[in-house]
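# Chains, contacts and geometry: an overview
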Amino acid sequence: MPRRPFACFLVKSEPDAYSIDDLARERRAPWDGVRNYQARNIMRDRMKKGDPVFFYHSNASPPGLVGLARVASAAKPDPTQFDPSSPAYDPRATPDAPRWWLVDLEFVEKFPRFVPLAELRADPALDGMELLRRGSRLSVQEVEDRHALRLLELAGARSRWAKRIRAELAARTNA
DNA sequence: GCCAACGTTGGC
DNA sequence: GCCAACGTTGGC
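These figures come from a predicted structure and were not determined experimentally. (Residues numbered from 1 in each chain as written. Chains lettered and ligands numbered in written order. Predicted model: local features only at pLDDT ≥ 70, side-chain atom pairs only at ≥ 80, totals over all residues. Heavy atoms only, no water.)

Interhelical geometry of helix H4 (residues 145-155) versus helix H5 (residues 160-174) gives an angle of 140° and a closest axis separation of 9 Å. As far as their axial angle goes, H5 and H4 are oblique. Relative to H5, H4 is oriented so that their crossing is left-handed. Only Ala162, Ile165, Arg166, Leu169, Ala170, Arg172 and Thr173 of H5 make contact with H4, whose side of the interface consists of Asp145, Arg146, Ala148, Leu149, Leu152 and Glu153. (Axes fitted to C-alpha atoms, helices over the stretch in contact; angles between N-to-C directions. Helix = DSSP H or I, 4+ residues; strand = E, 2+ residues; numbered from the N terminus. Parallel < 35°, antiparallel > 145°, perpendicular 65-115°, else oblique. Left-handed = near helix turned anticlockwise from the far one by under 90°. Contact = heavy atoms within 4.5 Å.)

Below, the structure written as structure tokens:
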């Protein structure tokens, strides 16, 4: 039984709250505190262990694409929803009926080239990306193959794993 | 700091 | 089910 082909994703984070450097330091982190149903559904239903995840800095100056991570776990309940001392506490959730889900992310690389939002917007190859939609606020998004391939090119991704992903995306996109 | 766009809540 | 009010996101 062949493994499902990977799908690509993107997460946004405000670097003041949690940056790519934080993930680089921690190596691996639960992507907790997400309180949007669409974003939850993507983590719970779409992300699989081993999928590539682009890391984007929002509310930064300038905002832009900074690195690459990888889904490192299956989806599981977000423990912060049960913790009254957490800002992400949700009194409606119970361990028997969790409302919010997360996956763990692991650090892969900080890109050699930071790609500012303005450059992403100016690139015709990225037309149609969720991130670039007017008024888009979704903090966990799926990324189409052709867009993922372009992002890896623009950022000059150089990790061995990124190169493998890139080759596979190129093959898939041409198929 | 401003403000447009968005998602959620809650009255009806 | 509608929709106004509200809080949040995030670019600029």
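The rest of the description comes next.
What follows covers the protein's contact with DNA strand B. For DNA strand B, the full set of nearby residues is Asn36, Tyr37, Arg92, Arg134, Gly135 and Arg137. The protein-proximal atoms of DNA strand B, defined as those within 4 Å of the protein, are 75% sugar or phosphate. Here a phosphate oxygen of DNA strand B and a side-chain polar atom of Arg92 are 2.8 Å apart. The contact in question runs from a base oxygen of DNA strand B to an N or O atom on the side chain of Arg137, over 2.3 Å. Per-class residue counts for the surface near DNA strand B are one nonpolar, two polar and three charged. (Near = heavy atom within 4 Å. Polar contact = N/O pair within 3.5 Å; in protein donor to acceptor, adjacent residues only side chain to side chain. Nonpolar A, V, L, I, M, F, W, Y, C, P; charged D, E, K, R; others polar.)

Residue Ser61 is joined to Pro62 through a cis peptide bond whose omega torsion reads -5°. Examined against the element boundaries, Pro62 turns out to sit in the loop between strand E3 (52-57) and strand E4 (64-71). A positive phi angle, near 75°, is found at Arg27, a position not held by glycine. Within the secondary structure layout, Arg27 lies in the loop between helix H1 (20-26) and strand E2 (28-30). Residue Arg27 is classed as exposed on the basis of its relative accessible area of 52%. You will see that Asn59, though not glycine, has its phi angle at about 55°, which is positive. (Buried < 20%, exposed > 50% of the residue type's maximum accessible area, 1.4 Å probe, protein only.)

Overall, mixed pairing links the six strands, which are arranged E2-E7-E4-E3-E1-E8 in an open sheet. In the strand order of this sheet, the two ends are held by E2 and strand E8 (140-143), each with one partner. Going from strand to strand, the sheet's axes swing by 35° on average, the running direction of each strand aside. Pairing between strand E1 (residues 8-13) and E8: four bridges, direction antiparallel. By the bridge assignment for E8, Val11 is matched with Val140. (Pairing = 2+ DSSP bridges.)

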